[in-house]
Amino acid sequence: MADHPEEEEVPFVDYEGEEEDDLNNEEEEPVVAAISHAVDPHQVAMAVAGAGDSETEDEDDDDNEGPHPPAAAKNETAAAGGGGDDNEQRGRDANQSKQNGSSGNNSSSSVMDKPLAAPRYQPDDNKNDNGNDKKIISKKQQQQKRQQQQSPREHVGAYIPPAKRRLLEEQQKQQQKEKSNQSNDDSNANKVTPIHIQRQTWEKLQRTINGTINRLSLTTIKPLIHTLFQNANLIRGRGLLIKSLLNGAISSPNYAHIYVTLIAVINTKLPECGELLVTRAILAFRKGYARKDRMVVSAVLALLGHLFNQGLTHELLSLQLLTILLDGDPTDDSVDVAVGYMCIVGRQLTEVSPAGVHAVMERFRGLLHEGTIGRRGQYRIETLLKIKRGGFVDYPTLPDEEHLDLVEREDQITFELGLDDEGLSGEEGLDVFGFDEEYDEGEREWERIR
C-alpha cells in the first residue's frame, strides 16, 4: 500500500483575540515588554514540539499489542536503521511526529510572536495602596493640620467669638507664665517675643483703648482710668490713645472736657502722651483753618481750650489762636468761633494773663464799632462783653469739679508749644503696628510705671 502524502494542517489563529491583545498591548506596553524579555519564544516552541511527539507515540503504542518498549531502545533502533515492518512503522511515526512538530512550531511561533498580554490593572483612585480610602485620610489629615495650626488671631481679619478669644488669651497667658517660671536664665531674657504674639497684643490694646474712650462719662471716668492702666500698655499704645481721643473730640465736642481730664491724669505719669495730643491738635487746627472747615476748627479749639484749663498748654498758645482768628478782616464764622473759644478759656486766661485778655476784648470792641461784620457776628460780640462783665461766672474752668478735678495744679506738666512752631511731628507711625525688638523691655517698664 503506497504512502500518500499527507496534507499540511493550517494552524488556526484567533484574530479577534489578537486584536484584543493588541489593544491591551497598546495600553500597557511596559508590562508586555517585561514579559517578552523574560520568556524566550524558541524555548517555548521546543517544549510544545516535545509534548506533540510524546502524544503521537502514546497513541501508536495503544494500537499495537504487547509491552511498550522504552524510549531509549526506540531511539537506538532508529539510529541503527533497522528494517522490517517495525522500521517502516517507526519511519511513518517519525514523519508524522516531524509534521506534528513543524505544525506545533508554527503555531507556537505564531502565538509567541505576539507579545503576551498581562491582566489589565485598573487602579482605584479612591483607595490607597493599603486599601484605605484616600478621601477619608485626606480629610483627617486636614483636620489635624487645622487643629495644630489653630492659634488665636494668627492671621489678620479672622473672626473669633469673644468668649473663645478670652479663653485662648487666658491659655496664652498661662503658657507664658509657665515658660517664664521655667526659664529664669539671662539667655531667655534676651529672647524677643515673636511677631504674632506682638500683633495679638497690639489688637487687644487697640480694642481696650477704643472701648475705654467710647464709655467715658462723668460718672465712669475714675474706674475706667484704673482699668486702662491695668489692661493697656500706654507706652506702646500712646499713638492709638491720642488718635482715639482726637477723633472723639472732633466728632463729639461736648465730651472734650472729659477726654482732657483723662489725658491730664495720664500726663502726670507719661508726659509723652500729653505732648503728642497737643502737637496733633495744633496740626489739626492748621489743616482745618487752611481748608476753612468750621466744624473741625471749632472742635479742635474746644479741645485746646480745655487743655489750657487743665494746665497742659501755655497761655501763649491761647492768645495766638485768638489773634489769628480776629486778625485782618475776620468773617462771621471766625468771630463766632473766637467768641466760643473765649468763653471756654476766659476765666482761666483772666487769672493767668489779664493783659492778654484786655487786648483781646479791645479787638472785639473795635470790630463791633467798625461795623465790618454782619448782624450775627455783632450779636455774638455783645453777648461776650456781657459775659466778661460778669466775670465768666456761667463758664467755669472745670464744668464739674467733683468728677473732673483729679490732678493737682502743681503736679501737672505744661507744654510750651506755639502755633507757629516749626518741626512739629504728629508721629503717625505710632498708630500702626510694627515689630518691636525691645518689646519685653517696654512691658517691664510699663509694669514699673503703672
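In the block above lies the structure referred to throughout.
Residues numbered from 1 in each chain as written. Predicted model: local features only at pLDDT ≥ 70, side-chain atom pairs only at ≥ 80, totals over all residues. Heavy atoms only, no water.

Caption draft 1: How the structure looks around the overall build of the chain. Check the secondary structure of the chain and you find 20 helices and zero strands. Considering only contacts within the chain whose residues lie at least 6 apart along the sequence, 77% involve residues at least 24 apart. (Helix = DSSP H or I, 4+ residues; strand = E, 2+ residues; numbered from the N terminus. Contact = heavy atoms within 4.5 Å.)

Caption draft 2: Examining the nonpolar core more closely. Leu 234, Leu 241, Ile 263, Ile 266, Leu 307 and Phe 364 are the most contacted members of the largest nonpolar core, which totals 76 residues. Among the elements that take part in this core, helix α16 (residues 332-352) stands out by supplying nine residues, more than any other. Setting aside residues up to four positions removed in sequence, Phe 364 forms contacts with Leu 326, Ala 338, Val 339, Ile 381 and Leu 384. (Core = buried A, V, L, I, M, F, W, Y, C linked by side-chain atoms within 4.5 Å. Buried < 20%, exposed > 50% of the residue type's maximum accessible area, 1.4 Å probe, protein only.)

Caption draft 3: Summary view of the packing of helix α13 (residues 271-291) against helix α14 (residues 294-309). Two numbers describe how α13 lies on α14: the axes approach to 9 Å, and their chain directions differ by 150°. Compared by their axis directions, α13 and α14 come out roughly antiparallel. Viewed along their axes, α13 and α14 form a crossing whose handedness is left-handed. Facing α13, whose interface residues are Leu 277, Val 278, Ala 281, Ala 284, Phe 285, Gly 288 and Tyr 289, α14 presents Val 296, Val 297, Val 300, Leu 301, Leu 303, Leu 304 and Leu 307. By residue class, the composition of the contact of α13 with α14 is 13 nonpolar, one polar and no charged. (Axes fitted to C-alpha atoms, helices over the stretch in contact; angles between N-to-C directions. Parallel < 35°, antiparallel > 145°, perpendicular 65-115°, else oblique. Left-handed = near helix turned anticlockwise from the far one by under 90°. Nonpolar A, V, L, I, M, F, W, Y, C, P; charged D, E, K, R; others polar.)

Caption draft 4: Summary view of the side chain of Ser 353. Topologically, Ser 353 is positioned in the loop between α16 and α17 (354-370). Not counting chain neighbours up to four residues away, the residues in contact with Ser 353 comprise Glu 315 and Leu 319.

Caption draft 5: Representation of helix α15 (residues 315-326). Across its 12 residues, α15 extends 17 Å between first and last C-alpha, which sits within 8% of the 16 Å expected from 1.5 Å per residue. For α15, the secondary structure elements touched by its buried residues are α13, α14, α16 and α17. Positive backbone phi, approximately 75°, marks Gly 328, located one or two places after α15. (Expected span 1.5 Å × (residues − 1).)

Caption draft 6: Structural context of the packing of α14 against α16. The N-to-C vectors of α14 and α16 enclose an angle of 10°; their axes lie 9 Å apart at closest approach. Relative to α16, the element α14 lies roughly parallel. When α14 is examined against α16, the residues Arg 294, Val 297, Ser 298, Leu 301, Ala 302, Leu 304, Gly 305, His 306, Phe 308 and Asn 309 are found in contact with a partner set consisting of Asp 333, Asp 336, Val 337, Tyr 341, Ile 344, Val 345, Gln 348 and Leu 349. Here the residues of the contact of α14 with α16 sort into 10 nonpolar, five polar and three charged.

Caption draft 7: Molecular detail of the pattern of salt bridges. Considering all chains together, one arrives at eight salt bridges under this definition. For the salt bridge of Arg 280 with Asp 431, the shortest nitrogen-to-oxygen distance reads 3.2 Å. One end of the pair, Arg 280, is in helix α13; the other, Asp 431, is in the loop between α19 (401-404) and α20 (439-449), and 151 residues separate them in sequence. Each member of the pair, Arg 280 together with Asp 431, is buried. Put simply, Arg 376 and Asp 336 hold a salt bridge, and the shortest N to O gap is 3.3 Å. Of this pair, Arg 376 sits in helix α18 (residues 375-389) while Asp 336 sits in helix α16; the two residues are 40 residues apart in sequence, bridging distant segments of the chain. Residue classification places Arg 376 among the partly exposed positions, given a relative accessible area of 39%. Exposure remark for Asp 336: the relative accessible area of 13% places this residue in the buried category. Connected via shared salt-bridge partners are Arg 294, Asp 333, Asp 336, Arg 376 and Arg 380. (Salt bridge = Lys/Arg side-chain N within 4 Å of Asp/Glu carboxyl O.)

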